[in-house]
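Letter by letter, the chains look like this.
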Amino acid sequence: MKKLTKVSKKKMNYYITVIGAASLVSLLVIFLLVWLVNYLGQGEQDAVDTMSYNYSDIEVKRPAIQEKLLTKNVNSRPGTALNQVKGIVVHYTANPGTDAEANRNYFESRKDCADESSNKVSSHFIIGLDGTIIQCIPENEIAYASNKRNADTISIECCHPGKSGKFTKATYQALIHLSAYLCSKYEIATDNVIRHYDVTGKICPKYFVKNPDTWTTFQSDIFKFLKKSVKKET
Ligand SMILES: [Zn+2]
């Protein structure tokens, strides 16, 4: 009997140790799971915070814009009212090395051509290689740039020095400023700043289509600009 008791005690100790260790491991696992859920939840919360806007608190100064409006004509400035602005569409000129003025003049030259439904082109804004912004179409009229989204978006055409379509730093900075300005003016979320590619699948603006991570960075750069533009309390 004594022997048996000793064995039982040993067994009992063994079981207690095993159960204790198992409980400890389970607790650790539960603790880790709770921590993980909280951590991920926090991440989601942060994402929501950074994507929510209160435009009444934001004031973006209008960037310097040279107004060189096109003559009204059927091919590039039809004069059709743009009644609502729900987004901004970014383009590249696909014409390496040309500047804003030259592209604006090309749009203007379309006025002398016959009504060609296949070749109607323009853009509200063109940003040059040095960051100069030219406005070709008033914001309350449609431009011929973004196909089915002409009716509810503002278009920005960007010049670029090379075939890759990558913008110069000056063009990029001006694009961020202009986009942030338009986002705050029309209360547009930064994910409604889109590429021409997102409308039709056209490889435009080329660099942002070929390098999607740079597009994500661009959208967050607009958001950072907006965050910097929160009105100071007086
Ligand atoms: Zn385009």
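Keep in mind that what you see is a predicted model, and the values were worked out from it rather than measured. (Residues numbered from 1 in each chain as written. Predicted model: local features only at pLDDT ≥ 70, side-chain atom pairs only at ≥ 80, totals over all residues.)

Caption draft 1: Up close: the overall build of the protein. Summing up its helical and strand segments, the protein has six helices and six strands in all. Written out in order from the N terminus, the α and β elements of the protein read α-β-β-α-β-β-β-α-β-α-α-α. Here the protein holds 234 residues, and 32% of them are scored as buried. (Helix = DSSP H or I, 4+ residues; strand = E, 2+ residues; numbered from the N terminus. Buried ≥ 20, exposed ≤ 12 C-beta atoms within 10 Å, placed from the backbone.)

Caption draft 2: Expanded view of helix α3 (residues 169-186). Look at α3: 26 Å from first C-alpha to last across 18 residues, which is about the 26 Å you get at 1.5 Å a residue. Of all the positions in α3, only Thr171, Ala174, Leu175, Ile176, His177, Leu178, Ser179, Ala180, Tyr181, Leu182, Cys183 and Ser184 are classed as buried. Packed against the buried residues of α3 are β2 (87-92), β3 (125-127), β4 (133-135), β5 (153-158), β6 (193-195) and α6 (212-228). (Expected span 1.5 Å × (residues − 1). Contact = placed C-beta atoms within 7 Å.)

Caption draft 3: The arrangement of the pairing of β5 in detail. Counted residue by residue, β5 has six buried out of six residues, so it is predominantly covered. By the alternation rule, side chains of β5 split into Thr153, Ser155 and Glu157 and Ile154, Ile156 and Cys158, which are all buried. With six bridges joining them, β2 and β5 adopt parallel strand pairing. Residue pairing across strands places Gly87 opposite Thr153, the latter belonging to β5. Alignment of β3 against β5, held across three bridges, turns out to be parallel. Of the residues in β5, the one forming a bridge with Phe125 is Ile156. (Pairing = 2+ DSSP bridges.)

Caption draft 4: A look at the nonpolar core. Membership of the largest hydrophobic core comes to 43 residues, with the highest contact counts inside it found for Ile127, Leu175, Leu178 and Ile222. The element that contributes the greatest number of residues to this core is α3, accounting for eight residues. (Core = buried A, V, L, I, M, F, W, Y, C linked by C-beta atoms within 7 Å.)

So far we have only geometry, and geometry alone does not tell us how the molecule works.
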